[in-house]
Amino acid sequence: MTEVLEFMFGSYIYFVTAFFIGVNATYTILLIRSYREILAYMRHNTFSNYRVMVQSELTPPVTIIAPAYNEEATVVESTRSLLKLNYGNYDVIVVNDGSKDETLNVLRREFSLFPSNQLYIPTLETERVRGIYKSEKPEYRNLMVVDKENGGKADALNAGINAARYEYVCCIDADSLLEEEALLRVMKPFLEDETVIAAGGIVRIANGCRVVNGRVIDVALSTKLLPIFQVVEYFRAFLSGRMAWHGMNGLMIISGAFGMFKKSALLEAKGYNRHTVGEDMELVTRLHKIKRDRKEPYRIVFVPDPVCWTEAPESARVLARQRNRWHRGLLETILLHGTMLFNRRYGVIGSAAMPYFLFVELLGPLIEFAGYLAVGGMFVAGILDVRMAVLFFVVALFYGIMFSVGAVLLEELSFQRYPRPRDLALLLAFGVIENFGYRQLTILWRVKAFWDYFVRGVRSWGAMQRKGFAEAAAS
Amino acid sequence: MSVELIIVAALAVGATFFVVVVATGLLINKVAEARRSKKRERLYQFYSGLFADLLLQPVLEGEDGETVRKQYESLLTEVKSGLAWSPPAQKLLHRQAIGSVLIDFSSDLSGESMDRLQYFFESFGFVQDEVALLKSRKWWLRAQAARDLGLLHAMSATERLTSLLEDSHPDVRNQAMQSLVKLLGVDSLRPILRKARNISRWTSLELSMIVKNFEEQAYPYLIEALSYPDQSVVLFAIEMLSETGFVAAVEPLMNVAESYPNIVVRAKATEALGRLGDQRAETLLHRLLKNPYPSLRASATRALERIGSPSSVPILSERMQTGPLAERLSAARALARSGERGMVRLRVAGEETDQTMRAIALHVLEEIEGVGA
């Protein structure tokens, strides 16, 4: 019996070691590629005069779509911030997705909305649109509110796409704040290259920042632990992950919080998938699939400096729900587009990006979780080489820290949005601390996502409580 | 000690080394950068004051060029001797500060002061340095040099900048373009438009600002560009001719709209005719409304919307009845701008039983008349 156990655990440990080496080699490659890409972007940006985009009448107009569900606390401030962006010609469409709270009424009151005769062409299938509202006030003439029955975020975005009148649509979360120049910056790749069909910007965490009139005016870290952990995580995801995939045209996700698309490409793809919780990733993967199936030249890009500020969960309960949802979304996307996996027809997507998302992002937590169980089992069975296990843990720990520090390094080399040396020291420290507890917790949440998806059959979003930026910033 | 253990330990040491070095380096750099930045600012302030004085010092007027240059050089003696005695790192820092000050001053100066500034720039060897950088293999250095040469009005670099219009990197081409405009004025448009290939929309935006600044002076160059072989240049010229409202461009644009071999270009020219709002184009636009190409029909409808002539009401009413929704909407908008007869037709359509027709009419009426239309 002991021999069998020893063989099983031993084999698993060898597998985990091989997996560990593979994952860390991948992370290293991504980090190096990101560094190169960010450097190239920074150089290129030195010669970009965004003023011409504001001044020239040739700048293409944009429609911003912000779906809102029970967002009465933040929707007015977010909408106001969207209406104040630095961009020539743009519309803002807020889609009220059948909110049960006062979202629609606060919008109607604040922006003097009236029921409009605006023509609505339901090109993409959505839940019933109850009405379209526009503002009586000339200063809000570019605002439209689409009121519809509840159908989820993807459904609301599709309704917004139907109502959009311009070729470029920017999909954002109604609870996010865009920086004044964000639209200009995310739009630039479309102007430089006709084949760009989608572009994503960076999402940063607003908790701890000073927000005045819908603008982040002082960037700082939160005083609470969870948001700081998430800042480091976001650096890793955006700066050292997406930037590298962008360089290979292998970007598989554009965050739902902030992405710009060509409307024609969205219509070609029949809009967002209404039956998945990871609609942002699923859409981008589908766009890749469609374009590669048709052998059409295209690019999906990531732009690292147009910032979208978002309120991060501050309680473990809400964060757990968010991570659980993200992981289920990833799982659904991989299941839906499994045919692309290791398929040479899909180029870098099929041969690198999808395998990465499958083995590293999706199965990684499961393998790591099973690794902890195996170590526990071996210890109980008395067959654990404690010295080796401790050393392995130390290596894993330091590699985890290395990639966190690497991501902070990328931020410091490029955008330096956290000006205080104290904040930098804190971020570096949290890159270390996160490996003791926080990392394991997120693994647990993500493992639970498998259980929820396959066993409990959970397909819903779950609620996210918002405090509003003024309050969130204070924390 | 087993081999596995040694490997694992080596990995741990490697990762630890990386973390410690990077983290320490980052923190030290953050503090050092703050100091460097303060120092750079101090130097910038110092040289701003110094060069402001040097630019204001009187020189003998009416003297020949050589004498004036000698006077300019005498103004720099002190600064140059100071630099000569500085250690290389310090010298570099000071030269960078001087370069920045001179470049920043260049945007506000003209006449004799600008001549003097240019002389200073040359005398410090900045022009030679920048010209040498134009040959660099690194595109960002070429682009930077192209930009600086333009800012400093380095006329001697015109030829090199012109050749950069064909550089492999778009940023270099754009910077060369901007600099040539500064150096040659409106005459730069000819080489720029002639050498341009597949210009992106971004380049179009930058060029559009240049063309707008030249106003009607740009007109002959744009008309000439209508016959250039590169389609993107032709499209740009059409866009700008309509954007800047050169009514004299109606005839050439009508020719393009009618007979250019490419439909995209014809459609663009058709829309441009609408923007110019000249009724001479009306007959052609009516004819294009019946063209088999949908893009041409759509462009003609949009053009008629801009012109807003009552004589178009019958044909627009007809277009509003059938066809793709976007075209019908466009025809309704055109009707709304075709005088009282058009509005009456639209109001009638607003009460029709045909749901789509009514929706189109109400939509357009609301756009025109606002709330409660």
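Predicted model only: the values in this text are computed from it and were never measured.

(A) Spotlight on the packing of helix H6 (residues 139–151) of chain B against helix H8 (residues 170–184) of chain B. Residues and elements named next belong to chain B. Relative orientation of the contacting elements H6 and H8 amounts to 10 degrees, with a least axis distance of 8 Å. In terms of axis orientation, H6 runs roughly parallel to H8. Facing Trp139, Arg142, Ala143, Ala146, Arg147, Leu149, Gly150 and Leu151 of H6, the residues of H8 in contact are Asp171, Val172, Gln175, Ala176, Ser179, Lys182 and Leu183. For the contact of H6 with H8, the class distribution of residues is eight nonpolar, three polar and four charged.

(B) Spatial organisation of unusual backbone geometry. Residue and element names in this part refer to chain A. The phi torsion at Lys295 lies on the positive side, around 55 degrees, for a residue other than glycine. Backbone geometry at Phe342 places phi at a positive 55 degrees, although glycine is not the residue there. Inspection of the secondary structure puts Phe342 in the loop between helix H10 (316–336) and helix H11 (347–362).

(C) Layout of the pattern of salt bridges. All names here are of chain A. By the definition in use, this model includes 53 salt bridges over all chains. Here Asp218 and Arg420 are joined by a salt bridge, their closest N and O atoms 2.9 Å apart. Residue Asp218 is located in strand S10 (residues 215–218), and its partner Arg420 is located in the loop between helix H13 (386–413) and helix H14 (421–433); the two are separated by 202 residues in the primary sequence. With a relative accessible area of 32%, Arg420 lands in the partly exposed category.

(D) Examining the interface of chain A and chain B more closely. If you look at the interface, chain A gives 52 residues, while chain B gives 44 residues. Of the roughly 4400 Å² buried between chain A and chain B, counting both surfaces, carbon and sulfur atoms make up 73%. In this structure, the connection of chain A to chain B is made through one salt bridge. The closest approach of N and O atoms between Glu57(A) and Lys212(B), which form a salt bridge, is 3.2 Å. The interface formed by chain A and chain B holds 10 residue pairs in polar contact (both at pLDDT 80 or more) in total. For the side of chain A that touches chain B, the secondary-structure elements that each account for two or more residues are helix H1 (2–46), helix H2 (51–55), helix H6 (182–192), H13 and H14 of chain A.

(E) Seen up close, the packing of aromatic side chains. Applying the stated criterion to the full structure yields 29 aromatic pairs over all chains. Judged by centre distance (6.4 Å) and plane angle (80 degrees), the ring pair of Tyr87(A) and Tyr90(A) falls under edge-to-face. The buried category is assigned to Tyr87(A), whose relative accessible area is 5%. Note on Tyr72(B) and Tyr119(B): the rings are 5.6 Å apart at their centroids and 50 degrees apart in plane angle, and the pair reads as tilted. Highlighted residues: Tyr72(B) in helix H2 (residues 65–84) and Tyr119(B) in helix H4 (residues 111–123), separated in sequence by 47 residues. For Tyr72(B), a relative accessible area of 5% translates into the label buried. Following the ring pairs from residue to residue traces out a cluster consisting of Phe46(B), Tyr47(B), Phe51(B), Tyr72(B), Tyr119(B), Phe120(B), Phe121(B), Phe124(B) and Phe126(B). Stacked on the ring of Phe238(A), the Lys or Arg Arg242(A) has its end atom at 4.1 Å from the ring centre.

Conventions used here
Residues numbered from 1 in each chain as written. Chains lettered and ligands numbered in written order. Predicted model: local features only at pLDDT ≥ 70, side-chain atom pairs only at ≥ 80, totals over all residues. Heavy atoms only, no water. Axes fitted to C-alpha atoms, helices over the stretch in contact; angles between N-to-C directions. Helix = DSSP H or I, 4+ residues; strand = E, 2+ residues; numbered from the N terminus. Parallel < 35°, antiparallel > 145°, perpendicular 65-115°, else oblique. Contact = heavy atoms within 4.5 Å. Nonpolar A, V, L, I, M, F, W, Y, C, P; charged D, E, K, R; others polar. Salt bridge = Lys/Arg side-chain N within 4 Å of Asp/Glu carboxyl O. Buried < 20%, exposed > 50% of the residue type's maximum accessible area, 1.4 Å probe, protein only. Buried area = accessible area lost by both parts, 1.4 Å probe. Polar contact = N/O pair within 3.5 Å; in protein donor to acceptor, adjacent residues only side chain to side chain. Phe/Tyr/Trp six-rings, centres within 6.5 Å; stacked < 30°, edge-to-face > 60°. Lys NZ or Arg CZ within 6 Å of the ring centre and 35° of its normal.

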